[in-house]
Amino acid sequence: MKEVSCNYCEANDFRVLVSIDGDQELKGIIDDSYSKRTFQMVQCNQCDLIYLNPRPDDKEIAEYYPAAYSSFQEFPPKNKILRSLYKVLVFLRTRQVLTYLPPSGVLLDYGCGNGHWLEAFKKAGLPTQKFIGTDPIFAPTEKLKKLGVSVHIADESNINDLVPAGSVDVIFLQGVIEHLPNPKRTLKVLFGLLKPGGHIVGVTPNVDSIDRRIFGSDWSGWHAPRHFILFDWRSIRLYAKACGYELSKVYNELE
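Residues numbered from 1 in each chain as written. Predicted model: local features only at pLDDT ≥ 70, side-chain atom pairs only at ≥ 80, totals over all residues. Heavy atoms only, no water.

Colleague: Tell me about the packing of aromatic side chains, and name the residues and values.
Modeller: Tallied over the full model, the rule gives nine aromatic pairs. Each ring, one from Tyr 8 and one from Tyr 239, has its centre 5.4 Å from the other, and the planes form 45°; the classification is tilted. Taken together, the residues Tyr 8 in the segment before strand E1 (14-21) and Tyr 239 in helix H7 (residues 233-242) connect sequence positions 231 residues apart. Relative to Tyr 64, the ring of Tyr 34 has its centre 5.8 Å away and its plane inclined at 85°; by these criteria the two rings are edge-to-face. A residue pair is termed long-range when its members are at least 10 positions apart, and Tyr 34 in helix H1 (residues 32-35) and Tyr 64 in the loop between strand E3 (50-52) and helix H2 (80-98) qualify at 30 residues. The exposure class of Tyr 34 is buried, given its relative accessible area of 19%. Looking at Arg 55, its charged tip hangs above the ring of Phe 228, at a distance of 4.8 Å from the centre. Sitting above the plane of the Tyr 8 ring, Lys 184 keeps its charged end 5.2 Å from the centroid. (Phe/Tyr/Trp six-rings, centres within 6.5 Å; stacked < 30°, edge-to-face > 60°. Helix = DSSP H or I, 4+ residues; strand = E, 2+ residues; numbered from the N terminus. Buried < 20%, exposed > 50% of the residue type's maximum accessible area, 1.4 Å probe, protein only. Lys NZ or Arg CZ within 6 Å of the ring centre and 35° of its normal.)

Colleague: Talk me through the sheet that holds strand E6 (residues 150-153); I want residue IDs and the actual numbers.
Modeller: Read from one edge to the other, the open sheet built from five strands follows the order E6-E5-E4-E7-E8, with strand pairing classed as parallel. Looking at which strands have only one partner, the edges of the open sheet turn out to be E6 and strand E8 (194-203). Sheet twist, expressed as the mean angle between neighbouring strand axes with direction ignored, is 20°. Sheet topology places strand E4 (residues 106-110) next to strand E5 (residues 130-135); five bridges connect them, and they run parallel. Bridge assignment links Val 106 to a residue of E5, and that residue is Lys 130. Each of E4, E5, strand E7 (168-174) and E8 is contacted by H2, which is oriented at about 145° to E7, the strand it contacts most. Where helix H3 (residues 116-124) meets the sheet, it contacts E4, E5, E6 and E7, and its direction lies at approximately 180° from that of E5. (Pairing = 2+ DSSP bridges. Axes fitted to C-alpha atoms, helices over the stretch in contact; angles between N-to-C directions. Contact = heavy atoms within 4.5 Å.)

Colleague: Describe helix H5 (residues 183-193), listing the residues and the values that go with them.
Modeller: Burial in H5 covers these residues: Pro 183, Lys 184, Thr 186, Leu 187, Val 189, Leu 190 and Leu 193. Elements that come into contact with the buried residues of H5 comprise E4, E7, E8, strand E9 (229-230) and H7.

Colleague: Report on the sheet that holds E1, specifying residues and quantitative values.
Modeller: Spatially, E1-E2-E3-E9 is the arrangement adopted by the four strands of the open sheet, whose pairing is antiparallel. Edge positions in the sheet fall to E1 and E9, since each of these pairs with one other strand and no more. Bridge count for E3 against E9 is two bridges, and the pairing is antiparallel. Note that in E9 the partner of Tyr 51 across the bridge is Ile 229.

Take a look at the structure:
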């Protein structure tokens, strides 16, 4: 674990917001030396950003993303009720995202995990639209290649070698930005991949949500230690402006 400064203002002035006893999702799956640690979310006293501190260092991060991690599992769920809910979610999300994609446009799913969103976009999209996926740890390359989707193991350090600058119409960030060690750096790299007038469509937990206030330290959105930074409407606007974006809309889930 390593101590970090605020990713937005770079201050080292913070207060502990909540302490979380262990990695609740992966206890018994990963080694106890990783899962039984106590994690703390802190809030910057200068800009109010909420972030994990200390956090896993570069060598430890992969330990918290084993093959059993939920985002790497097969979809849709086997449970009939969950499967039905999943179908509704897929319908709404694809309609929302593909609205921004031109008939011959390119969509990049950055942090694609098991690739189920790429599958959904490909099936709902047009034959003239191109879909690309990248993930820093896991990507079902063979499965998606059969659908005509290009997939790579990549992050901001090498994505420019795989995706040309100014070539993407839409970048999809489904539950990704909160996992990034340095969102400011990544968003600036992604900005360079977009065509003029391109869009990022993202989904991230709202740390100022009603459910966070209700559940407190038991809120699922903490998701320690994989969620490094958590945003509210104000902080996501600040990040967008700092990285060259114009935030066109902030909405509640499935609004």
